[in-house]
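Chain by chain, the residues run as shown.
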Amino acid sequence: MESRVFLLGLSVFFQFYISVSAEATCKLKAKFNLSGYKNVEKKKVIIGGMFPVHMSIAFNDGNTSRLPASSGCEGMNYRTFRWTQTMLFAINEINNMDDLLPNTNLGYVIYDSCFTISKAVEGTLTYLTGQDEAVPNYRCGTGAPLAALVGAGGSDLSIATARILGLYHFPQVSYSSTCSALNSKFQFPTFLRTIPNDKHQSTAMAQLVLHFGWTWVGTIAADDDYGKYGIKDFKEQVEEAGVCISFSETLPKVNSPEDIQRIVQTIVESTAMIVVIFSSDVDLSPLVLELIKNNVANRTWIASEAWITSALINQPGASSVLGGAIGFGVKRGDIPGLHQHLLDLDPYADPLTEEFWETLFNCTLDYGKALKKAKEQAMVFNGTMSKEEGLAIPVGLCTGSESVAQLNNTYSDISQLRITYSVYKAVYAVAHALHNLEHCEPGQGPFIGIGCADITNFEPWQLMYYLKNVRFKVPHTDEEVYFTDGDVEGFYDIINWVVEGNGEIAYVTVGHYNGSAALEDRMTIINDSIVWNNDALEPPRSVCSENCKPGTRKGIRQGEPVCCFDCIPCADGEISNMTNARKCVLCSGDHWSNDAHDACVPKIIEFLAFGEPLGITLIVISAFGAIVTFAVAVVFVLHVTTPLVKANDALLSFSLLFSLMVTFLCSIVFLGEPQQWSCMTSQVALAVGFALCLSSLLGKAALLMLRAQAMKACRARVKAAAKAAKAAAEAAANSGSPDVIATNSTSFSDAAAWLKPDSLTFAHQRAIVAVATLIQAIACTVWLIILPPYPVKNTSAQNIKIILECNEGSVVFICCIFAYDILLALLAFIFAFLARKLEDHFSEAKCVTFGMLVFFIVWISFVPAYLSTRGKFMVAVQIFAILASSFGLLTCIFLPKCYILLLKPEQNTEEMMRPHDKPRDGTLTGTSASLATAATEVNATIAPTTIDE
């Protein structure tokens, strides 16, 4: 038993020893240099605050040979110092109220974050510890409970502090942290804010850009969460709507002249006239100075709420660069009594106010410092300091009675209380939550087990419940404030920087944005009230490429943003009837694009009409040809009994004239709008008409060729007989018989026998004509029955026209039919050519030969001309070929005959039909007319030969 007691005592001793040893080794690693305000004595609840009163931490030389010290801060920011005083004013106002926390006196602990994350973390840990030093995860203070933290200024600062406060479920109400990342309740469960989420602002900026049709913008963002998230949301929305980003730059957190100059150079070189800036005024200030230095005055700036009303940006010379800027400002509110509170500062109350006073009036409140500085100046100028000078008030010493109101600076300017008003609302939100916690009715509280919380000893998570569900009206403005997932409604004023006559900037409200409204009703903006840069009244244009007008389409430039494109005219037959069309639309078959390529218009209906000049001309020529042909027929009828007409077979001549009249008149059927009957009639009439014409000529030419061949044989035999007689005479002469007389009577009788009547009579000729024409007629009939021609709309031959024409039905049929006509023409030409040497006063063989030559020349010329034309001119070429060949045949065949019949009737005799002379070789010659009587009159063409000795 004793041993057990001993062991137990020994164990307790060792535990105590270890505990003492652990306590002996627990110590603070550093002391933080935190400036701010603190009033916790005899207070029931303490509210924390954090403000970036200074713009940065002081430079640390990095010396490691001495004890490290917490960095100090530099760069007093009058605007954020006003925010700090607003929190003090709001707490004092609440403590004096009878209807809000009447039994609770609020205290405060406010720290300066110096716009730096490390300082914000230091302040948060110190505030949670409850002492002037930070002990993580310990609450060392024994005073009043901590309510909530109002702060911590910038978004990146709040993100850092919210991660710490969230570990302890400690409420945080921000007045200026707008970053959209902070709306994640998973990462930041206790974060709330009285300023709208940047999701709303990014959407508002995007809608503003789209409202003015800007498609080519540059973006600049601060190198923190506020800038990165804000510009990211903006880019996503505008790029989805077709806007392109010309450049995207990031402002350095640490001042870097090289980076600032590079950004300015990028802005100058870019063609984007619109620049969107998501940044705080502190980070943007160096860029503005460089822009003023380089006089970059031809840009329009789109500002975020963090700098649109900042006096740090609105500095001398900024109007020339930023004039006409448009930005979004959070709700503005008037706070009665705040201005007087700002002016009634006691410069000796605390070190932070003392520093503010010294910075504001460029003096010092420390007599020793002022005296030391005066001695240094005296030594520089006089070498020593007189006794009288030592007793006088040193130069540079603050009296403490300087007038803040006379300076009229950013601190005392209450014309644009926006973030200041947000601070005011944040303090009142915490106060109303505490009021609801304090006045919880027993038995009706929200907390399981305990019901209500005790205002003198509550947990942070209990106050968090009331903060999330608070709803109150702000004093003096009656704005109702409530939180939805920690955020308030996204309402902004659209502010325009207007340069007044004295060069000062005026903030003019030109519209509003309400993120809670319907999409089409969110933005209200008065375009006419906006004054743009350089006092322009029209919105600037900012596009990489000008809009493509209707009639063109956008052509993408390889390797460039989609907003940079070329406007390519639509091809013929395609249109675009909207601006910036991505593609051209093909017109339907019966329509074509107009000259501007912005509308489809009906195609021109084209056919060779009767009433147009060309049609009238062809009709006149056709009618003239038919009339002439008819006149020739009349002449032949009147002279039908004459030798010339009879010698040429009048019936063949009339059939030839009839066929020519048909060809002349069928050309008229080709005119006018094609119909079913006209398509069938025109080609068939032409084919049959030419078949009749050419077969008639073929009959004539065949007879002429046979006569020519007979005459040639006759001449050969006569010549042989003559040679035989001559040989006999020479033989008789040589034999010495001078009384012998040689004659060629036998030869004459033989010649008469040789010139027999024509083996091819007129009946045979007519049969040739009938059979040849009938073959063509049968072929055409088969064609019309099987695959007849029909009218069609040809939309492919010419783009802008619909050509009404005849489809031949079958290419094979029409080729065969006209090939048959060509065959007849070729045979007629060959036969006539072989009979061309039959001579008299009228040589018909030569006429047929020339007529067929004209026929071939016309139709050979017709083929390339026909193939090279389109539309109605194809019909015109075809009609011209018909008329030309018909006139050629009419002229060559009938003009010589009409000449004799009408002008030389004395030659229309049987004698004149005979040969008019002998050839040089003494051969017999004849003509188509003389050969009919040559057999009975051979002695007239062959003279007897007598040989006398």
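Residues numbered from 1 in each chain as written. Predicted model: local features only at pLDDT ≥ 70, side-chain atom pairs only at ≥ 80, totals over all residues. Heavy atoms only, no water.

**A closer look at the overall build of the chain**
When its secondary structure is counted, the chain shows 26 helices and 27 strands. For the chain, the proportion of its 949 residues judged to be buried stands at 48%. With the model as given, the accessible surface of the chain reaches about 45,700 Å², and the carbon-plus-sulfur share is 59%. (Helix = DSSP H or I, 4+ residues; strand = E, 2+ residues; numbered from the N terminus. Buried < 20%, exposed > 50% of the residue type's maximum accessible area, 1.4 Å probe, protein only. Areas by Shrake-Rupley, 256 points an atom, 1.4 Å probe, with all protein chains shown as cover.)

**As for unusual backbone geometry**
The peptide bond linking G151 to A152 adopts the cis configuration, its omega dihedral lying at 20°. Here A152 is to be found in the loop between β6 (146-150) and α4 (155-167). Of note, N295 is a non-glycine position whose phi angle comes to about 50°, a positive value. Mapped onto the fold, N295 is located in the loop between α8 (281-294) and β12 (300-303). For N295, a relative accessible area of 51% puts it in the exposed group.

**Some details on the pattern of salt bridges**
Taken as a whole and assessed by the stated rule, the structure comprises 21 salt bridges. Taking the shortest distance from any N to any O, the salt bridge between K232 and E236 comes out at 3.0 Å. Remark: E236 and K232 occur in helix α6 (residues 225-240); sequence separation between them is 4 residues, near one turn of the helix. Given the relative accessible area of 42%, E236 is considered partly exposed. The salt bridge involving E249 is made with R262; its shortest N-O contact spans 2.6 Å. Highlighted residues: E249 in strand β10 (residues 244-251) and R262 in helix α7 (residues 257-269), separated in sequence by 13 residues. For E249, a relative accessible area of 12% corresponds to the buried category. Residues joined by salt bridges that share partners form a network here, namely D156, D224, K253 and D283. (Salt bridge = Lys/Arg side-chain N within 4 Å of Asp/Glu carboxyl O.)

**Quick word on the sheet that holds strand β1 (residues 36-39)**
Ordered in space as β1-β5-β2-β6-β7-β8, the 6 strands form an open sheet in which the pairing is mixed. Unpaired on one side and paired on the other, β1 and β8 (191-193) mark the two borders of the sheet. Neighbouring strand axes in the sheet, compared pairwise and without regard to direction, differ in orientation by 25° on average. Pairing of strand β7 (residues 172-174) with β8 involves 3 bridges; the strand directions are parallel. Bridge pairing links V173 to L192 in β8. (Pairing = 2+ DSSP bridges. Axes fitted to C-alpha atoms, helices over the stretch in contact; angles between N-to-C directions.)

**Concerning the sheet that holds β12**
Read across the open sheet, the 8 strands follow the order β10-β9-β11-β12-β13-β16-β17-β18; overall the sheet is mixed. Where the open sheet ends on each side, the last strands, each with one partner, are β10 and β18 (523-525). Strand after strand, the sheet turns through a mean of 25° between neighbouring axes, direction not considered. Note that strand β13 (residues 326-329) and strand β16 (residues 491-499) share 4 bridges and pair antiparallel. Paired with G329 across the two strands is D493, which belongs to β16. Each of β9 (216-222), β10 and β12 touches α7; the most contacted strand, β10, lies at about 165° to it. Its contacts with the sheet place α8 against β9, β10, β11 (274-278) and β12, and it is angled at close to 110° to β10. (Contact = heavy atoms within 4.5 Å.)

**A look at the nonpolar core**
If you look at the biggest cluster of nonpolar residues, it comprises 103 residues, and the most contacted ones within it are M87, F234, F328, V430, L434 and F458. In terms of nonpolar packing, the next biggest core, distinct from the first, is built from 54 residues, A650, V858, A876 and I893 among them. (Core = buried A, V, L, I, M, F, W, Y, C linked by side-chain atoms within 4.5 Å.)

**Observations concerning the packing of aromatic side chains**
Counted under the stated rule, the structure contains 32 aromatic pairs. Taken together, a centroid distance of 5.1 Å and an interplanar angle of 90° make the contact between F212 and W532 edge-to-face. One end of the pair, F212, is in the loop between α5 (198-211) and β9; the other, W532, is in the loop between β18 and β19 (552-556), and 320 residues separate them in sequence. By relative accessible area, which is 13% here, F212 ends up buried. Between Y424 and Y428, the aromatic rings sit 4.9 Å apart at their centres with planes inclined by 55°, giving tilted as the arrangement. Of this pair, Y424 and Y428 both sit in helix α15 (residues 419-438), separated by 4 residues, roughly a single helical turn. For Y424, a relative accessible area of 0% puts it in the buried group. For Y428, a relative accessible area of 1% translates into the label buried. Three or more aromatic residues link up through ring pairs in this structure, and these residues are F690, F829, F833, F855, F856, W859 and F862. Above the face of the F491 ring, K331 is positioned so that its terminal group lies 5.1 Å from the ring centre. (Phe/Tyr/Trp six-rings, centres within 6.5 Å; stacked < 30°, edge-to-face > 60°. Lys NZ or Arg CZ within 6 Å of the ring centre and 35° of its normal.)

**Observations regarding the confidence of the model for the chain**
Residues with a pLDDT of 70 or more make up 84% of the chain, whose mean pLDDT is 82. The model gives residues 387-391 a pLDDT under 50, and that stretch makes 4 contacts with residues more than four places away or in other chains. Taken as a whole, residues 915-949 scores under 50 in pLDDT and shows 64 contacts with residues more than four places along the chain or in a different chain. (pLDDT = per-residue confidence, 0-100.)

**Section: the pairing of β6**
For β6, a buried count of 5 out of 5 residues is recorded, marking the element as mostly surrounded by other parts of the structure. Where strand β2 (residues 45-51) lies against β6, 3 bridges are found, and the strand directions are parallel. Residue G48 lies in a different strand from β6, and its bridge partner there is L149. As a crossover connection, the stretch from β6 through α4 into β7 is right-handed. (Right-handed = clockwise from strand over helix to strand, strands pointing away.)

**A look at the state of the cysteines**
Under the defined criterion, the tally for this structure stands at 9 disulfides. Here C440 connects covalently by a disulfide to C452, the sulfurs 1.8 Å from one another. With the S-S bond torsion at -65°, the cross-link from C440 to C452 turns out left-handed. Taken as a pair, C440 in the loop between α15 and α16 (460-468) and C452 in the loop between α15 and α16 lie far apart in primary sequence, 12 residues in all. Classification of C452 by relative accessible area gives buried; the value is 18%. Between C570 and C584 runs a disulfide, and the two sulfur atoms are separated by 2.0 Å. Its S-S torsion of approximately -80° makes the covalent link between C570 and C584 left-handed. Residue C570 is found in the loop between β20 (565-569) and β21 (574-575), and its partner C584 is found in the loop between β21 and β22 (585-586); the two are separated by 14 residues along the sequence. For the pair formed by C570 and C584, the shared burial category is buried. C847 supplies the cysteine sulfur nearest to C892, a cysteine that is in no disulfide, at a spacing of 7.4 Å. (Disulfide = S-S within 2.5 Å.)

**Some remarks on a nonpolar patch on the surface**
Together, L774, I778, V782, I785, I786 and L787 make up an exposed nonpolar region whose accessible area comes to about 560 Å². Position of V782 relative to the elements: it lies in helix α22 (residues 762-786). (Patch = residues over 30% accessible without salt bridge, like charges linked within 9 Å, V, L, I, M, F, W, Y side chains within 5 Å.)

**Some points on the side chain of E249**
Within polar-contact distance, the side chain of E249 engages the side chain of T266 at 3.5 Å. Other than its neighbours up to four places away in sequence, E249 contacts T219, I220, A221, R262, I263 and T266. (Polar contact = N/O pair within 3.5 Å; in protein donor to acceptor, adjacent residues only side chain to side chain.)

**With respect to helix α2 (residues 78-95)**
With 18 residues, α2 should reach 26 Å at 1.5 Å per residue; the first-to-last C-alpha distance of 26 Å fits that figure. Within α2, 15 of the 18 residues are buried, which leaves the element mostly enclosed by the surrounding structure. Taking the backbone nitrogen of R79 as reference, a side-chain oxygen 3.1 Å away marks N77 as the first, capping residue of α2. (Expected span 1.5 Å × (residues − 1).)

**What to know about the environment of L360**
Structurally, the position occupied by L360 is in helix α11 (residues 351-361). Among the residues examined, L360 registers a relative accessible area of 12% and is labelled buried. Between the alpha carbons of L360 and Y78 there is a distance of 8.5 Å; along the sequence they are 282 residues apart. Setting aside anything within four residues of it in sequence, one finds L360 in contact with Y78, V404, L407 and N409.

**Here we look at the side chain of D350**
Its place among the elements puts D350 in the loop between α10 (338-343) and α11. Of the buried charged residues, D350 lacks a salt bridge, with K38 as the closest side chain of opposite charge at 14 Å. For D350, the side chain forms a polar contact with the main-chain nitrogen of L352, separated by 3.3 Å. (Lys, Arg positive; Asp, Glu negative; His and termini not counted.)

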